[in-house]
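# Observations on the three-dimensional arrangement
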Amino acid sequence: GDITRLVKESTMRPPAVMVVGKVVNLRQVLAWHEKKPLFGHRILITREYSSDYAPLEELGAEIFEFPTIRIVPPASYKELDAAIHRIEEYHWIVLTSANGVRFFMERFFKKGRDVRDLKGLKLCAVGSKTADALVAYGMKVDLVPDEFNAEGLVESLNQMYGSSPDRLEGVRFLLPRAERARELFPDRVKALGGTIDTPVAYRAVK
């Protein structure tokens, strides 16, 4: 009966929400979302959205997606194709990212190979997401370093092959990787007597 007067007195302007009845007393009960620890925080991610960010949303954050790079094939497949052609010569295949797994396996199959050609090779995945990507192709992962980086990978190999200066002599590694990557692991393999090929499997472009 007095809503016209109340609106005029409050100088209310649309858009507005009107709550009628005792439900207004449940304000504190219904405001569960606003009590989340990240409510009111807006987070900008500079890559494609993935399920990795779901926990932030569950904590109340608002996610904005703004990728700054795009993952594309290498400029040339020459080195990768050569490695795939002689895949039986390797003892280890080391993959450092889910992107590496995807681009390597796609090219592997395109060259007429299948997973049976990897029989006898050991697979190393740097990181749980990389391991999951390999498992999705039906392959068992032999090694996942405790630390998901080159240092952790070197330490894991030290534990497997002992402490002699030339402990990797005769061991051949294939490391399909991004166009720009750290040289710590390849340099360490060579220093310990091993052989490693590092063909470009993918590139990150702006």
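What you are looking at is a predicted structure, and each value in this text was computed from that prediction instead of being measured.

Each value, and the rule that gives it
Residues numbered from 1 in each chain as written. Predicted model: local features only at pLDDT ≥ 70, side-chain atom pairs only at ≥ 80, totals over all residues. Heavy atoms only, no water. Core = buried A, V, L, I, M, F, W, Y, C linked by side-chain atoms within 4.5 Å. Buried < 20%, exposed > 50% of the residue type's maximum accessible area, 1.4 Å probe, protein only. Helix = DSSP H or I, 4+ residues; strand = E, 2+ residues; numbered from the N terminus. Contact = heavy atoms within 4.5 Å. Pairing = 2+ DSSP bridges. Axes fitted to C-alpha atoms, helices over the stretch in contact; angles between N-to-C directions.

Grouped together as the largest cluster of nonpolar side chains are 25 residues, with contacts concentrated most on Ile 87, Ile 93, Phe 104, Phe 108, Leu 118, Leu 134 and Leu 174. Breaking this core down by element, the ones donating at least two residues are α4 (78-85), β4 (92-95), α5 (98-110), β5 (122-125), α6 (128-136) and β9 (200-205). Sorting elements by how many residues they give to this core places α5 first, with five residues. Judged by nonpolar contacts, the second largest core, of 17 residues, contains Leu 143, Ala 150, Val 171 and Phe 185.

With respect to the helices and strands, the residue His 33 is situated in the loop between α2 (27-30) and β1 (42-45). Given a relative accessible area of 31%, His 33 falls into the partly exposed group. Between the C-alpha atoms of His 33 and His 85, which are 52 residues apart in sequence, the distance is 56 Å. Once you skip the residues sitting within four places of it in the chain, His 33 turns out to touch Phe 39 and Gly 60.

Here the focus is the sheet that holds strand β6 (residues 172-174). Strand pairing in a sheet takes place through backbone hydrogen bonds and is either antiparallel or parallel in direction. If you trace the four strands from one edge of the open sheet to the other, you get β5-β4-β6-β8, paired in parallel fashion. The strands lining the two open edges of the sheet, one partner per strand, are β5 and β8 (195-197). Neighbour to neighbour, the strand axes of the sheet diverge by 25° on average, direction disregarded.

Geometric values such as these leave the question of function open.
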